[in-house]
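# Residue-level structural notes
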Amino acid sequence: MSPGDSERLSEQQVFPNGDVYVGKCKGLLPHGDGKYTWFDGKVYEGQWEEGNMTGKGRICWTSGATYEGDFSGGYLHGFGTFTGVDGSVYQGSWRMNVQHGTGRKQYRNSDFYEGSWKEGVQEGNGRYVWNTGNTYVGNWKAGKMCGRGVMKWATGDLFHGFWLDGLRHGSGFYRFANEGYYFGTWSRGLKDGQGTFYPAGSKISSLPNWYIYLGNYDYDEKMLSHTSTVNAEEFRVGKPSIKRSLSEKFFAGGFFKNSVRISHRSISLDRDWCPGDPVKEVPPRETSRALSFAFGEGQHEVRDDDNLVYVREYMQGVLIKERVRNYAAGMLKKNKWKNKLQGKEVKKRPGEIIFKGHRSYYLMLNLQLGIRYTVGKITPVPMREVRSSDFGPRARIRMYFPRNGSQFTPPHYSIDFWWKDYCPMVFRNLREMFKIDAADYMMSICGSDGLRELSSPGKSGSIFYLSQDERFVIKTLRRHELKVLLKMLPNYYNHVKSHENTLITKFFGLHRITLKGGRKVRFVVMGNMFCTELRIHRRFDLKGSSQGRYTNKHEIDENTTLKDLDLSYVFHMDKSWRESLFKQISLDCMFLESQCIIDYSLLLGVHFRAPEHLKVFSGSTETVHNYSSSLTDHGMSAQDEILVPPKGLLLVTHEPSSVSTVPGPHIRGSTLRASTAGNEEVDLLLPGTGRLRVQLGVNMPAQAIRKLPDDEDESTGVDLFEVYDVVLYLGIIDILQEYNMKKKIEHTYKSLFYDPNSISAVEPSLYSKRFINFLEGVFPDQT
């Protein structure tokens, strides 16, 4: 019998398990058109291929759910329409029984989403419209709004900026229905950091760098209000109804031209964030994470003056500072400087995104090409212990990267350059030591999102670059700094290997780029000490010296790195943590002293928790009672002034399954034990953030205390303090300055004019001792 004879039409086949099939067969297997009824009532009618549902068909489950569309190998695969038991309808692409590709889903409550899906959840570019009229257009990840996006509320209010896990997170602006604007930053849904509020009628002539970056996305108001249906033919030919314009047509420049006037209307408040009532695939509306703060809290009455704007600073949603600025006067001064500059490049703000045309663009491309090449070359080498030869002058990888490519290098869009990688096996082992995956390392630094350029906080003139995920900092080095690092590298490697809690900067790569003309640029890749989802509100660079260690008050903002004389706080932490901290600082200073290193500092990042601050008194009960009586005599309530210390930080028993187990690029030490928690390993529990693993130098809760000046305590004769709940991040940086002849001459010269103990350039043993003594005052012993 020929193969064709095996295909036959069966009136009906009844299988032993009770299933029934009517249709064409190939042998005993369904093949061709047919109808299959399972014993439990599920029915499929459509095309078969050797016993598998393949081709066009329709399946109906006993629950009432149906699917009509493409099948492959027994799976819902291709394009099809699924109608759920609850009445929801999905029309779009499928892959092996889950929504995957581009599609549109109408929910039972009349919400709908159209855009990209991945493994059954929204991911990529998409638009969600709630039945209330609210609309979000932008990027999604794992079913939540994440990345760049625009949310427009039915009332006319609009937010355009960055999102994380369904909450506003990062830079953005909020446009009120009355045409008022707030430009600022958010953290987990709460305003956090500095921002500018432009009342209705104000002129906006200067926009922040991140706003210009958003301006690359053309925004069309009609897009948010437009409701389209999914076209099956577009899906079949690979033309999704949600085109790329969903995320790339956000043109912020459409809101403003060179100078616009916001129409005069009454100022409204930023309402609670309530995008709708989404089902399980849509970002959850957890009460603790909703945007429930009022925009205008603590707001002064808006003056009827077009030229007034409000510069504000928020801390976890609480307005802590506000000043009124006459924008016209500021613009007049700015225009005068502009005329003087006559077209010269103005110094760019920190955190500038490196794009095509940027002065560092080709340098960034060269760095990324070189790191890809080096990591790709060294990763396949079997893991082994480093040898003395891995540190020597022959431990180099050198390669020429011509623009058109070569036998060993790919063609590229940058300029020709020479690449040198120092001690690749050593730095490969350091990355392994910190469990940094090679692929993640390359994606972090060499990904399509590029790098961000930061301004230098010091006098070295170095340029800093930040990886797109903020895990790594790349710093340019001078020639003598490169030599110092190579010289100390064997001892540095052993120190880091022996002390898992070391606070010293972690180095992960050392490279050099040589351009045409002989210009050489040296780079070192380091772990970012401030790689955290919490916002760093204040950062300090502490050396323990006093000469020149202050910052101009007019230059201070959230991104400014302050110095020793700017620090007005002391920090109280768990007793056992303080002991561990100074034990490690002493070990690290001993190592640096042995290498004749000076000028290092403690980089301290402080995250403040709301409320802004609470006032408490230091003194006897009688003193406080007398002060309370004094307040009462003046018609004031003592309860309004005497507040208990903040209790916003909660320590809970460490649960590895509840926190991220992937070590950060800064530290790999064990979880800290808290004496106040029965000497148990602990996590820090923060509302709206989740659990954070507490390690030495990372996620360390503490209290920051500042004594108020006499002119602020109303001359009561009682010491008045501000007390803050804070989370600390710290590490020792700038460890590449030797106490050489140049520094000895500097010490001798400055000693003629200043106290020798107050200047930075002192011999290593004195520097180490002074450094530790200063920090003991910053983190005082409470016993």
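A few points on the structure. (Residues numbered from 1 in each chain as written. Predicted model: local features only at pLDDT ≥ 70, side-chain atom pairs only at ≥ 80, totals over all residues. Heavy atoms only, no water.)

## Description of the pattern of salt bridges
Side-chain pairs of opposite charge can arise where the charged atoms are in close proximity. The condition that has to hold: One side-chain nitrogen of Lys or Arg within 4 Å of one carboxyl oxygen of Asp or Glu is enough to make a salt bridge. For the purposes of this entry, the term helix denotes a DSSP run of H or I that reaches at least four residues, the term strand denotes a run of E that reaches at least two, and both are numbered from the N terminus.
Summed over the entire model, instances satisfying the criterion amount to 24 salt bridges. Here Arg428 ties to Glu432 by a salt bridge, and the two come within 3.9 Å at their closest N and O atoms. Of the two residues, Arg428 and Glu432 are both situated in helix H8 (residues 424-433); the distance of four residues between them amounts to about one turn of the helix. Across the pair Arg706 and Glu722 runs a salt bridge, and its minimum N-O distance is 3.2 Å. Pair noted here: Arg706 is in strand S41 (residues 700-707) and Glu722 is in strand S42 (residues 719-733), with a separation of 16 residues, a long-range link.

## Brief notes about the packing of helix H11 (residues 575-594) against helix H14 (residues 764-778)
As a reminder, the rule being used: A fitted line through C-alpha atoms represents every axis, and for helices the fit uses only the stretch in contact; the resulting angles, taken between N-to-C directions, go from 0 to 180 degrees. Roughly parallel means an angle under 35 degrees; roughly antiparallel, over 145; roughly perpendicular, 65 to 115; everything else is oblique. Take the far helix as your reference; a near helix turned counterclockwise from it by less than a right angle gives a left-handed crossing, and one turned clockwise gives a right-handed crossing. Here a residue-residue contact requires only that any non-hydrogen atoms of the pair lie within 4.5 Å. Amino acids are sorted into nonpolar (Ala, Val, Leu, Ile, Met, Phe, Trp, Tyr, Cys and Pro), charged (Asp, Glu, Lys and Arg) and polar (every other residue, Gly among them).
Running from N to C, H11 and H14 point in directions that differ by 165°, and their axes come no closer than 10 Å. Relative to H14, H11 is oriented roughly antiparallel. In this structure, H11 meets H14 at a crossing whose hand is right-handed. Only Pro764, Ser765, Ser768, Phe771, Ile772, Leu775 and Glu776 of H14 make contact with H11, whose side of the interface consists of Arg578, Phe582, Ile585, Ser586, Cys589 and Glu593. Along the lines of polarity and charge, the residues of the contact of H11 with H14 split into seven nonpolar, three polar and three charged.

## Here's the deal with the packing of aromatic side chains
Threshold: The pairing test for Phe, Tyr and Trp rings, Trp by its six-membered ring, is centres within 6.5 Å, and the orientation test on the planes gives stacked under 30 degrees, edge-to-face over 60, and tilted for anything in between. In our convention, an over-ring charge means Lys NZ or Arg CZ found within 6 Å of a ring centre and within 35 degrees of that ring's normal.
Counted according to the given criterion, the structure contains 52 aromatic pairs. Seen from their ring centres, Tyr136 and Trp163 are 5.4 Å apart, and the 80° between their planes marks the pair as edge-to-face. Of this pair, Tyr136 sits in strand S12 (residues 135-141) while Trp163 is found in strand S14 (residues 158-164), placing the two residues 27 residues apart along the sequence. The positively charged end of Arg168 is found above the aromatic ring belonging to Phe159, 5.3 Å away from the centroid. Just above the ring of Tyr441 sits the side chain of Arg431; from NZ or CZ to the centre is 4.8 Å.

## Quick look at the packing of helix H10 (residues 479-498) against H11
How two helices sit against one another is set out by the angle between their axes and by the gap between those axes. At their nearest, the axes of H10 and H11 sit 11 Å apart, and the two run at 165° to each other. The angle between H10 and H11 falls in the class roughly antiparallel. The handedness of the crossing between H10 and H11 comes out as right-handed. Contacts from Met488, Asn491, Tyr492 and His495 in H10 reach Leu587, Asp588 and Phe591 in H11. Split into classes, the residues belonging to the contact of H10 with H11 amount to four nonpolar, two polar and one charged.

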